[in-house]
Amino acid sequence: MGTRVAVAGASGYAGGELLRLLVGHPEFELGPLTAHSQAGAPITSVHPHLVTLGDRVFDRATPEALSQAELVFLALPHGESAAIAKALPPHVKVVDLGADHRLTDADAWAAYYGGEHAGAWTYGLPELPGQRDAIAASNRVAATGCYVVASTLALRPVIDAGLAEPTDVVVVAASGTSGAGRTPKANLLGSEVMGDVSAYKVGTHQHTPEIKQASGAASLSFTPVLAPLPRGILATVTARPTRPGLSSDEVRQALQAAYADAPFVHVLPEGQWPRTAATYGTNSAHLQATVDKDAGRIIVVSAIDNLGKGAAGQAVQCANLMLGLPETTGLAINGVAP
Ligand SMILES: NC(=O)C1=CN([C@@H]2O[C@H](COP(=O)(O)OP(=O)(O)OC[C@H]3O[C@@H](n4cnc5c(N)ncnc54)[C@H](OP(=O)(O)O)[C@@H]3O)[C@@H](O)[C@H]2O)C=CC1
Ligand SMILES: CC(=O)N[C@@H](CCC(=O)OP(=O)(O)O)C(=O)O
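Calculation criteria
- Along each chain, residue indices are assigned from 1 in the same order as the chain's sequence is written.
- Chain letters start at A and ligand numbers start at 1, both assigned in the order the entries are written.
- With pLDDT at 70 or above as the cut-off, local features in this predicted model cover only qualifying residues; side-chain atom pairs require 80 or more to be listed or tallied, and sums for whole chains, interfaces and linings still use all residues.
- Only runs of H or I of at least four residues qualify as helices and only runs of E of at least two qualify as strands under DSSP, and these elements are numbered from the N terminus.
- Here a residue counts as buried when 20 or more other C-beta atoms sit within 10 Å of its C-beta, as exposed when there are 12 or fewer, and as partly exposed otherwise, the C-beta atoms being derived from the backbone.
- Note on pairing: DSSP must find at least two bridges between two strands before they are called paired.
- We call a residue near a molecule or strand if the C-beta atom, set from the backbone, is within 6 Å of it.
- Each residue receives one of three labels: charged for Asp, Glu, Lys and Arg, nonpolar for Ala, Val, Leu, Ile, Met, Phe, Trp, Tyr, Cys and Pro, and polar for the others, Gly being one of them.
- What marks off one domain from the next here is an automatic or database domain assignment.
- Note on contacts: residues are paired as contacts if their backbone-placed C-beta atoms lie within 7 Å.
- For every residue, the pLDDT score states the predictor's confidence, bounded by 0 at the bottom and 100 at the top.
- Under this scheme, a helix contributes an axis fitted over its contacting stretch, all axes are lines through C-alpha atoms, and angles between N-to-C directions fall in the 0 to 180 degree range.
- By convention the crossing between two helices is left-handed if the near helix lies anticlockwise of the far one by an angle smaller than a right angle, and right-handed if it lies clockwise.

A. Molecular detail of the overall build of the protein chain. The helix and strand inventory of the protein chain stands at eleven helices and 14 strands. Taken over the C-alpha atoms alone, the protein chain extends approximately 60 × 45 × 40 Å along its principal axes. Taking all 338 residues of the protein chain together, 49% fall into the buried category.

Right, dumping it as structure tokens:
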């Protein structure tokens, strides 16, 4: 018998990717899989790729049903997970994929999300210094935002090593459309998205304070870009070096040292640059760095799958740690190609 796990929001994109990972996970058995408008519908009517779930239907989300599980994944819209989390008994472990419990700063929450701040949980990015142990010791973990994973993995080691000025950081990151969820939106219609690349929420994106919190950047310009891909994030992070003459090797060495024991983070061989396709369906992050001597900027590029390391994969990695399992259990490192 494996550990019984539940998913609230199982009919969404993040929820569907969680289900795909959980059915293949050797240590988990499926508990309640709940939906909102889709409650009662066959799971395969929403997720036709999950054939092994047979004729199982989505359950209705109640705290009583979810409490039957040892660990609950919340993949709900922002603002919905705090209410349901409060109704779950303390012994039930919870990983929240939404933003409700990520920010430590209530003013930042009010400025970027609005409404009541639910308070911060242990932050679910295991690759941050000391965070693997903190997650393993927690019953409540807030998994990271998708853009935040890509940006922070690129930036944090360079700031921690004293190589980059935390006051001068620029992030431009392109995301696939699944980052916006499966609820229909006018700007995400196929005919609008195909053949188009567009910037959005320029200078106002809600992940800005979370990137600062997780990476140590003191001020940040963040421009998100919508790309005509189903999945993937490619983040380009640039920062001003703290001293003249900084070499690309020094930046790469800082990244390699930070992730020497991180099974999912890969600093690519020199000359190879990250591409989203190589991370598709995995929990991996790919990194590469250089110093642009003309502009005097450190440049780190990172690629992830927004539904993998940016959402469901990261959540399963955290759950593995919370349950005392190897963090790689049930998660892919290598991708699929072409
Ligand atoms: N998509 C991504 O790349 C990432 C998503 N996340 C986070 O995961 C969470 C889910 O995102 P995503 O899967 O993309 O979103 P979707 O819109 O695809 O799915 C939302 C899910 O929440 C359910 N839901 C909708 N409204 C309510 C409500 N009022 N009360 C309870 N349940 C509701 C939906 O049920 P139904 O369909 O039955 O109505 C569905 O299961 C969000 O917090 C998001 O920020 C985190 C990182 C990346
Ligand atoms: C492409 C796209 O629209 N992406 C969403 C991702 C944010 C999100 O809801 O995800 P998190 O849970 O990671 O915060 C956006 O930019 O708002």
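Moving on, there is more to tell.
B. Local environment of the pairing of strand β14 (residues 297–304). For β14, a buried count of six out of eight residues is recorded, marking the element as mostly surrounded by other parts of the structure. In this sheet, β14 lies alongside strand β11 (residues 233–241) in antiparallel orientation, the contact comprising seven bridges. In the sheet register, Val 237 faces β14, and the bridge partner there is Val 300. Of the strand pairs in this sheet, strand β13 (residues 285–292) and β14 are connected by seven bridges, and their pairing is antiparallel. Within the sheet, the bridge partner assigned to Asp 292 lies in β14 and is Arg 297. Hairpin connection from β13 to β14: four residues lie between these consecutive antiparallel strands, with Gly 296 at a positive phi of about 65°.

C. Representation of unusual backbone geometry in the model. Of note, the bond from Ala 337 into Pro 338 is cis; its omega dihedral lies within 30 degrees of zero at -5°. Relative to the assigned elements, Pro 338 resides in the segment after α11 (308–322). Positive phi values are uncommon outside glycine, yet Lys 201 reaches one of about 45°. Note on placement: Lys 201 falls in the loop between β9 (198–199) and α9 (208–215).

D. Seen up close, the site of ligand 1. Residues in close proximity to ligand 1 total 30 residues, the closest being Gly 12, Ala 35, Gln 38, Gly 98 and Gly 181. Elements that contribute at least two residues to the shell around ligand 1 include exactly α1 (13–23) and α11. With three residues, the single largest contributor to the shell around ligand 1 is α1. Partitioning the shell around ligand 1 into residue classes produces 13 nonpolar, 15 polar and two charged. Each of two domains, domain 1 (3–144 + 310–322) and domain 2 (147–308), supplies a minimum of three residues to the shell around ligand 1.

E. Focus on the site of ligand 2. Neighbouring ligand 2 are Gly 98, Ala 99, Gly 145, Cys 146, Ser 175, Gly 179, Ala 180, Pro 224 and Leu 226. Class assignment of the residues belonging to the shell around ligand 2 gives a composition of five nonpolar, four polar and no charged.

F. Molecular detail of α9. Of all eight residues that make up α9, seven are buried, and the element is covered over most of its length. Buried residues of α9: Thr 208, Pro 209, Glu 210, Ile 211, Lys 212, Ala 214 and Ser 215, and no others. Those residues of α9 that are buried are in contact with α5 (106–112), β6 (122–124), α7 (146–160), β8 (164–175) and β10 (220–226). Positive phi shows up at Gly 216, right after α9, with a value of about 90°.

G. Representation of the domain arrangement of the protein chain within the structure. Taken domain by domain, the protein chain holds domain 1 (3–144 + 310–322) and domain 2 (147–308). Computed over C-alpha atoms only, the centres of domain 1 and domain 2 are separated by 24 Å. Listed as interface residues are 23 residues of domain 1 and, on the opposing side, 24 residues of domain 2. Contributions of two or more residues to the side of domain 1 that touches domain 2 are made by α1, α5 and α11. Counting residues per element, the side of domain 1 that touches domain 2 draws most heavily on α11, which supplies six residues.

H. Broad picture of the confidence of the model for the protein chain. For the protein chain, per-residue confidence averages 97 on the pLDDT scale, and 100% of positions sit at 70 or higher. The weakest mean pLDDT in the protein chain belongs to helix α8 (residues 190–193) at 84; the strongest belongs to β14 at 99. As a predicted assembly, this complex carries a pTM of 0.98 together with an ipTM value of 0.98.

I. Inspection of the packing of α7 against α9 at higher detail. Viewed as axis vectors pointing N to C, α7 and α9 meet at an angle of 35°, and their least axial separation amounts to 8 Å. Seen along the crossing, α7 lies across α9 with a hand that is right-handed. Each of Val 148, Ser 151, Thr 152, Leu 155, Arg 156 and Ile 159 in α7 lies in contact with α9, whose residues at this interface are Glu 210, Ile 211, Ala 214 and Ser 215. Grouping the amino acids of the contact of α7 with α9 by side-chain chemistry returns five nonpolar, three polar and two charged.

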